[in-house]
Amino acid sequence: EAGVAQSPRYKIIEKRQSVAFWCNPISGHATLYWYQQILGQGPKLLIQFQNNGVVDDSQLPKDRFSAERLKGVDSTLKIQPAKLEDSAVYLCASSPTSGDTQYFGPGTRLTVL
Amino acid sequence: SQQGEEDPQALSIQEGENATMNCSYKTSINNLQWYRQNSGRGLVHLILIRSNEREKHSGRLRVTLDTSKKSSSLLITASRAADTASYFCATDPFSGNTPLVFGKGTRLSVIA
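An account of the accompanying structure is given in this report. (Residues numbered from 1 in each chain as written. Chains lettered and ligands numbered in written order. Predicted model: local features only at pLDDT ≥ 70, side-chain atom pairs only at ≥ 80, totals over all residues. Heavy atoms only, no water.)

A few words now on the overall build of chain A. Scanning chain A from terminus to terminus reveals zero helices and 11 strands. Put simply, chain A runs from its N terminus to its C terminus through helices and strands in the order β-β-β-β-β-β-β-β-β-β-β. For chain A, whose C-alpha radius of gyration is 13 Å, the value lies close to the compact-globule estimate of 13 Å for 113 residues. With respect to the principal axes defined by its C-alpha atoms, chain A has extents near 35 × 25 × 25 Å. Burial status across chain A gives 45% buried among its 113 residues. A sequence separation of at least 24 residues applies to 54% of the contacts in chain A between residues at least 6 apart. (Helix = DSSP H or I, 4+ residues; strand = E, 2+ residues; numbered from the N terminus. Rg over C-alpha atoms; globule rule 2.2 N^0.38 Å. Buried < 20%, exposed > 50% of the residue type's maximum accessible area, 1.4 Å probe, protein only. Contact = heavy atoms within 4.5 Å.)

Structure, rendered in structure tokens:
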């Protein structure tokens, strides 16, 4: 069974630039999560989708971050414009449904200079 | 704020020894989960223990849960160099459709 795929694996940008991350969850998983993991900390949930609807985006900085999950499969997370404090690993995870075990992708390491 | 807090922050042991990590949390939970993260990788789910369970085993892993003390422990027996990783507890709060909340993790180093 293929795991959660993410791209790119690494991204370096300058502050005020835009960046987008892509996630392909495990086939059949209805729930998709985006987490931000700052160095030395645990993952923090940014947004949770159930199919193509948003379940929780309470910790998403909506002035600069946006995410979508068109057709309830793949998802993209965008940051526009990026700030220095956005440097982190962005993890995508999926689960069969909300509350089930989550399966994580390898993450995208973002460095904002 | 993060619900789970792991202790210790870092742990270094010799191969073959046992490693114990603790997690404390603040509110009532449905379940508590432990994840492992190897350097530069995503998280891997290790074990889930429900609020009505007190102990659970999976291979060399043993997890206990004490809901009266709001704490959990993860024991890795006969550790191997490949167990070197960060270990996170994540709590599934009892209140409504609330997402998992991860702690800051324990960084385990197993020296061969």
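So, next bit.
So, about the overall build of chain B. Each helix and strand counted, chain B has zero helices and 11 strands in total. Its C-alpha atoms give chain B a radius of gyration of 13 Å, within 12% of the compact-globule value 13 Å for 112 residues. By its C-alpha atoms, chain B is 45 × 30 × 20 Å across when sized along the principal axes. The buried share among the 112 residues of chain B stands at 46%. For chain B, long-range pairs separated by at least 24 residues make up 55% of all intrachain contacts whose partners lie at least 6 apart in sequence. Accessible surface for chain B amounts to roughly 5400 Å². Of this, 45% is attributable to carbon and sulfur atoms. (Areas by Shrake-Rupley, 256 points an atom, 1.4 Å probe, with all protein chains shown as cover.)

Take unusual backbone geometry next. All names here are of chain A. Omega for the bond connecting Ser-7 with Pro-8 falls within 30 degrees of zero, at -10°, which places this linkage in the cis form. With respect to the helices and strands, Pro-8 occurs in the loop between strand E1 (5–7) and strand E2 (10–13). With a phi angle near 55°, Asn-51 is a residue other than glycine that sits in the positive phi range. Its place among the elements puts Asn-51 in the loop between strand E5 (44–50) and strand E6 (53–56). In this structure, Lys-71 is a non-glycine residue whose phi angle is positive, near 65°. Inspection of the secondary structure puts Lys-71 in the loop between strand E7 (65–68) and strand E8 (75–79). Exposure remark for Lys-71: the relative accessible area of 80% places this residue in the exposed category.

Below, the discussion takes up the side chain of A:Ser95. Residue and element names in this part refer to chain A. Secondary-structure assignment places Ser-95 in strand E9 (residues 88–95). For Ser-95, a relative accessible area of 0% corresponds to the buried category. Within polar-contact distance, the side chain of Ser-95 engages the backbone oxygen of Thr-97 at 2.9 Å. (Polar contact = N/O pair within 3.5 Å; in protein donor to acceptor, adjacent residues only side chain to side chain.)

The next subject is the interface of chain B and chain A. With 15 residues of chain B at the contact, the number on the chain A side is 19 residues. Across the chain B/chain A interface, buried area totals approximately 1400 Å², and carbon plus sulfur atoms make up 50% of it. Taken together, chain B and chain A are joined by zero salt bridges. Our count for the chain B to chain A interface comes out at two residue pairs in polar contact (both at pLDDT 80 or more). For the side of chain B that touches chain A, the elements supplying multiple residues, two or more each, are strand E4 (29–37) and strand E5 (43–50) of chain B. Class assignment for the residues of the side of chain B that touches chain A results in six nonpolar, seven polar and two charged. (Buried area = accessible area lost by both parts, 1.4 Å probe. Salt bridge = Lys/Arg side-chain N within 4 Å of Asp/Glu carboxyl O. Nonpolar A, V, L, I, M, F, W, Y, C, P; charged D, E, K, R; others polar.)

The next subject is the pattern of salt bridges. Enumeration over the complete set of coordinates arrives at five salt bridges over all chains. A:Lys62 is the salt-bridge partner of A:Asp57, the closest N and O atoms lying 3.7 Å from each other. One salt bridge in this structure joins B:Lys56 and B:Glu53, with 3.9 Å as the shortest N-O distance. The exposure class of B:Glu53 is partly exposed, given its relative accessible area of 24%.

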